[in-house]
Amino acid sequence: MKGSLRLLCNWAKIGLLLLILVIAGCNTLKKVGEDELLLTKNTIYVDDEKVNSSEVKGLISQKPNSSVLGYPLRLNLYNLAKENPDSSFQNWLHRKEKRQKRLNNLLSQKQVNRLQESFVVKGYSEFLKRIGEPPVVIDTALTNKSVNRLEAYYNSKGYFNNAATYSIVDGKRKKRAELDYEVTLGKPFIIDTVQKNITSPELDSIYDVSSRRSFVKKGEKFDLDNFTLERERLTTLFRNSGVYNFQESSINYNILRDTTLAADDQKMDVQLNIRKFRSATDSTGTSDPYRIYRHKKINIYTDYLFGDQIDTLNTIEHDNYTIYYKDKLKYKPKALTDAIFFEKDSIYRDIDRIRTYRQITNLNTFKYPNIEFIPDTTQAQLISNVYLAPRPKFSLNMNFDVTHSNIQQVGTAFSTSVITRNVFGGAETLNISARGSIGLLSDASLSNETFTSELGGDINITFPRIWFPFNTEKIIPYYMLPQSRLLAGTNFQRNIGLDKQSLNSILSYNWSPNTRLRNNLELLNVEFVRNVNPDNFYNVYRNTFSNLDNVADDFQDDPEYASFFEDSNNETDPLRLNIPEGANGFAQAVLNNEIPVSEEQFDEVNSIEERRRRLTENNLIFATNFSHTKNSKSDINDLDFYQYRIKFESAGNLLSLIANVVPYNENDDGQLLVFGVPFSQYLKTEFDYIRHWQVGDSQVIAFRSFLGMAVPYGNSNNIPFVRSYFAGGSNDNRAWNAYELGPGKTNNINDFNEANLKLAFNVEYRFPIAGDVKGALFADAGNIWNVFDNEKNPDAIFTDFSSLGDLALGSGLGLRYDFTYFVFRIDVGFKTYNPAREGSDRWFADYNFRNAVFNIGINYPF
């Protein structure tokens with residue numbers, strides 16, 4: 001690992017040197033003509049005030065060349081390209097007298113010509129042009145276009161008398177200039193009256209009820225965006241009030257101004273017009289008023305294929321729904337009707353159509369449905385047909401992935417699953433999966449083994465409803481896409497030396513009140529963790545063993561304790577405790593006061609033994625947890641959003657209550673045992689917040705904060721290792737390796753440092769460099785501490801707000817390559833503030849490549 005880091009450091013230094021040479025050798029004005037000016041900055045002033053709105057800046061046609069930390073990298077890459085690679089090839093070809101003749105004899109004239117084409121098209125010049133950026137020189141035609149856009153924009157905001165101009169400001173350096181845009185707004189126009197002209201009496205009544213929520217109001221400034229919002233609001237309102245065929249194009253506005261008013265009277269009258277319905281195929285000019293429709297009949301077609309003859313299908317009636325099917329109905333009628341939100345004799349609502357699409361998709365049994373509405377215009381009724389095409393009963397999935405984690409530097413994973421749909425006729429989905437992986441350890445000190453391995457399998461069944469003895473539909477209606485999941489699985493790991501085996505079972509429920517909110521309740525989460533090879537503890541946790549062996553050094557020459565030691569093949573320390581008998585025996589003898597040690601040494605051995613017992617004992621976790629998540633991201637291209645997750649977890653309470661009825665066995669520490677294993681009891685809460693701000697074209701500032709705490713009580717005095725927190729790693733504080741930071745101000749005293757309180761804060765500036773290559777600057781702060789448990793080391797315990805001085809700070813930079821489906825990243829973190837050091841040495845003492853941490857990751861860390 002140290003050799004790999006040294007190699008990475010060398011490559012980083014070489015890359016930095018090459019970058020410096022490129023920067024030094026570039027002329028920014030190389031391809032700017034004599035009579036041209038390179039645009040360096042745009043500034044917009046509105047009524048003499050500078051405007052920084054991204055919306056307004058987006059109106060400018062010409063923007064300066066992009067830069068990386070103020071340096072126009074892409075422009076200079078473009079400037080490195082040769083203007084005429086064809087002539088360069090000819091110069092090379094004729095530089096030596098007989099070169100062309102030799103090439104023609106060797107390759108043929110045709111192949112030499114193709115070599116020239118390859119040199120032109122695929123040469124480095126074309127590559128530099130592709131990833132680079134040509135110089136942006138001021139073009140007055142485009143500048144006038146920007147002026148027109150600014151005027152049109154402020155016209156839409158009610159400033160119909162605005163005027164925009166521009167001026168070219170010569171830069172302080174040669175052939176460079178800035179553009180200043182100046183807009184004079186004038187007095188805005190105000191809406192004086194709002195009138196309506198609605199041809200349909202039914203629509204007129206609906207409008208009157210909701211007119212108070214209108215975006216276009218008397219006395220407010222004219223704003224075209226408000227008219228757009230009002231059109232959208234009315235369209236949604238009418239379609240959810242029975243008007244299934246309402247068209248947004250039926251809405252228009254007349255904007256009038258009384259010409260008898262004084263010139264400086266900036267008032268206008270607005271008239272809302274809603275025309276009659278007109279079919280797209282209607283060429284006669286006749287049209288009918290919009291009407292409110294109700295569902296007359298609802299038909300559900302299962303196993304439907306295009307072209308099926310309906311009269312050949314069987315039918316069944318269920319709760320005012322008619323279900324059509326072939327041969328034999330494969331689905332429980334209730335499972336189908338629960339997914340349909342239309343009801344007989346109810347008015348049409350567009351939201352019911354959307355919810356029906358979502359819930360049918362949520363069943364995971366049918367392809368995307370087709371819904372048809374056939375109107376009866378004489379009675380204003382609809383015949384609603386829902387056509388369902390089933391997905392295959394069985395499907396096989398196989399995946400092969402390249403993985404990365406805090407334990408694995410790089411690994412490969414293979415998984416396969418068999419999916420069975422509609423298992424019990426209620427659209428249930430059964431998923432039986434198996435997985436395996438092998439990977440290279442991220443740090444050789446983590447284990448005596450070089451590779452990690454894992455095998456596991458799960459049986460998972462999903463119900464498209466809340467599977468509970470009581471009816472929960474009023475609390476969690478079907479439009480929230482409820483699901484129940486029952487899972488049983490096992491996992492075998494060989495990655496940190498103790499060869500863990502786990503068995504787990506989960507009964508969980510999840511539902512989404514809307515597209516941005518998601519709730520998950522794990523009513524039952526049972527996990528049994530068994531350490532298959534606990535005798536390997538001191539081989540894996542080498543720091544812990546060294547601390548114990550240092551205490552034992554004072555007694556290695558005493559014949560009475562010779563059985564605890566063995567040859568170490570080390571001249572400076574010829575004897576060491578043998579593993580596991582000698583180490584375990586020595587620690588037990590010290591704790592039994594059979595070996596005379598100092599009070600400090602006794603506390604040290606006691607702490608080591610407590611840690612050994614904690615990390616090698618089997619765990620039984622019987623937990624319940626609830627998490628609530630909100631994500632404001634509108635789509636995959638939204639770069640300005642926030643996301644938060646709140647989680648609460650409780651473990652062991654149910655087993656503790658049963659103890660009053662069922663007698664449990666106890667161990668020597670008084671802990672209650674279930675199947676010979678002490679069950680864990682704790683409370684745990686987490687809050688995770690992420691915020692992204694778009695600060696420019698493809699430039700983002702990303703922020704993340706995390707707070708997590710788990711408090712043991714009752715049957716436990718500490719948190720199980722699998723539920724504790726660690727710090728460091730590629731998705732946390734990148735200046736430290738995983739498990740290396742903390743707790744508190746301790747200096748990596750254990751091989752796997754973990755605790756039950758964690759604070760983390762990350763901020764990252766992401767920016768494009770060239771093409772799919774992105775860059776990042778980041779700062780990570782955080783640490784872990786022990787709190788309310790049996791830890792005795794004061795340096796590891798969070799006591800009060802003064803402990804916040806133990807927050808470690810790392811900073812660094814990163815490169816990312818966007819493969820579209822995933823992002824590959826390399827981050828280099830430097831220890832900026834290390835709480836494990838003393839005094840002024842905490843700041844920048846390890847801020848160099850020698851002590852830097854190189855992180856490889858897949859996708860963004862947050």
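Above: the structure in question.
Only a predicted model underlies this, so the values are computations on that prediction, with no experimental measurement involved. (Residues numbered from 1 in each chain as written. Predicted model: local features only at pLDDT ≥ 70, side-chain atom pairs only at ≥ 80, totals over all residues. Heavy atoms only, no water.)

## Here's the deal with the overall build of the chain
Working step 1: What the chain contains, in helices and strands, is 17 helices and 34 strands.
Working step 2: Taken over 862 residues, the chain has a buried fraction of 43%.
Working step 3: For the chain, long-range pairs separated by at least 24 residues make up 64% of all intrachain contacts whose partners lie at least 6 apart in sequence.
Working step 4: Counting only carbon and sulfur atoms, one obtains 53% of the accessible surface of the chain, whose full area is about 45800 Å². (Helix = DSSP H or I, 4+ residues; strand = E, 2+ residues; numbered from the N terminus. Buried < 20%, exposed > 50% of the residue type's maximum accessible area, 1.4 Å probe, protein only. Contact = heavy atoms within 4.5 Å. Areas by Shrake-Rupley, 256 points an atom, 1.4 Å probe, with all protein chains shown as cover.)

## Digging into the packing of aromatic side chains
Working step 1: Taken as a whole and judged by the stated rule, the model has 43 aromatic pairs.
Working step 2: Judged by centre distance (5.1 Å) and plane angle (80°), the ring pair of Tyr244 and Tyr293 falls under edge-to-face. One end of the pair, Tyr244, is in the loop between helix H10 (224-239) and strand S6 (251-256); the other, Tyr293, is in the loop between strand S7 (267-274) and strand S8 (294-301), with 49 residues separating them in the sequence.
Working step 3: Look at Tyr293 and you get buried, because its relative accessible area is 5%.
Working step 4: Each ring, one from Tyr561 and one from Phe564, has its centre 6.4 Å from the other, and the planes form 5°; the classification is stacked. Like Tyr561, the residue Phe564 is buried in the burial classification.
Working step 5: Taken together through their ring pairs, the aromatic side chains of Phe537, Tyr538, Tyr541, Phe545, Phe721, Phe726, Tyr739 and Phe752 make up a single cluster.
Working step 6: A cation sits over an aromatic face here: Arg355 above Tyr479, 3.6 Å from the ring centre.
Working step 7: The positively charged end of Lys758 is found above the aromatic ring belonging to Phe726, 5.6 Å away from the centroid. (Phe/Tyr/Trp six-rings, centres within 6.5 Å; stacked < 30°, edge-to-face > 60°. Lys NZ or Arg CZ within 6 Å of the ring centre and 35° of its normal.)

## Some words on the sheet that holds strand S25 (residues 672-674)
Working step 1: Strand order across the open sheet formed by three strands is S24-S25-S26, with antiparallel pairing between neighbours. Looking at strand neighbours, the two that pair on one side only are strand S24 (665-666) and strand S26 (677-678), the edges of this open sheet. (Pairing = 2+ DSSP bridges.)

## Things to note about the sheet that holds strand S11 (residues 370-376)
Working step 1: Reading across from one edge, S9-S10-S8-S12-S11 is the order of the five strands in this open sheet, with mixed pairing throughout. What marks the edges here is a single partner per strand, and that holds for strand S9 (314-318) and S11. The sheet shows a mean angle of 20° between the axes of neighbouring strands, taken without regard to direction. (Axes fitted to C-alpha atoms, helices over the stretch in contact; angles between N-to-C directions.)

## Quick look at the environment of Pro134
Working step 1: Position of Pro134 among the secondary structure elements: in the loop between helix H7 (124-131) and helix H8 (140-156).
Working step 2: On the basis of relative accessible area, Pro134 is assigned to the partly exposed category, the value being 43%.
Working step 3: Aside from chain neighbours lying at most four places away, what touches Pro134 is Asn65, Leu75 and Tyr78.

## Examining the pattern of salt bridges
Working step 1: Under the definition given, this model contains 33 salt bridges.
Working step 2: Between Glu764 and Arg734 there is a salt bridge whose closest N-O contact spans 2.7 Å. Taken together, the positions of Glu764 in strand S29 (residues 757-770) and Arg734 in the loop between strand S28 (699-712) and S29 put the pair 30 residues apart, joining distant regions of the chain.
Working step 3: Several salt bridges share partner residues, and in doing so they unite Arg734, Glu764, Arg766, Asp780, Arg816, Arg825 and Asp827 into one network. (Salt bridge = Lys/Arg side-chain N within 4 Å of Asp/Glu carboxyl O.)

## With respect to the environment of Ala845
Working step 1: For Ala845, the position within the fold is in strand S33 (residues 843-846).
Working step 2: On the accessibility criterion, Ala845 (36% relative accessible area) is partly exposed.
Working step 3: When the C-alpha atoms of Ala845 and Phe830 are compared, they prove to be 9.9 Å apart, with 15 residues separating the residues in sequence.

## Here's the deal with the pairing of strand S23 (residues 641-651)
Working step 1: In this sheet, S23 lies alongside strand S22 (residues 619-631) in antiparallel orientation, the contact comprising nine bridges. The residue bridging Phe626 from the neighbouring strand is Phe648, located in S23.
Working step 2: Of the pairings in the sheet, the one linking S23 to strand S27 (residues 682-696) comprises eleven bridges and is antiparallel in character. Of the residues in S27, the one forming a bridge with Ile646 is Phe687.

## A few points about the environment of Pro477
Working step 1: Mapped onto the fold, Pro477 is located in the loop between strand S16 (451-463) and strand S17 (483-494).
Working step 2: Given a relative accessible area of 17%, Pro477 falls into the buried group.
Working step 3: Here the alpha-carbon distance between Pro477 and Asp338, two residues 139 residues apart in the chain, equals 9.8 Å.

## Looking at a negative patch on the surface
Working step 1: Side chains of Asp47, Asp48, Glu49 and Glu182 sit close together on the surface and give a patch of like negative charge.
Working step 2: Within the element layout of this structure, Asp47 appears in the loop between strand S1 (38-46) and strand S2 (49-50).
Working step 3: Classification of Asp47 as partly exposed rests on a relative accessible area of 39%. (Patch = residues over 30% accessible without salt bridge, like charges linked within 9 Å, V, L, I, M, F, W, Y side chains within 5 Å. Lys, Arg positive; Asp, Glu negative; His and termini not counted. Charge placed at Lys NZ, Arg CZ, Asp CG, Glu CD.)

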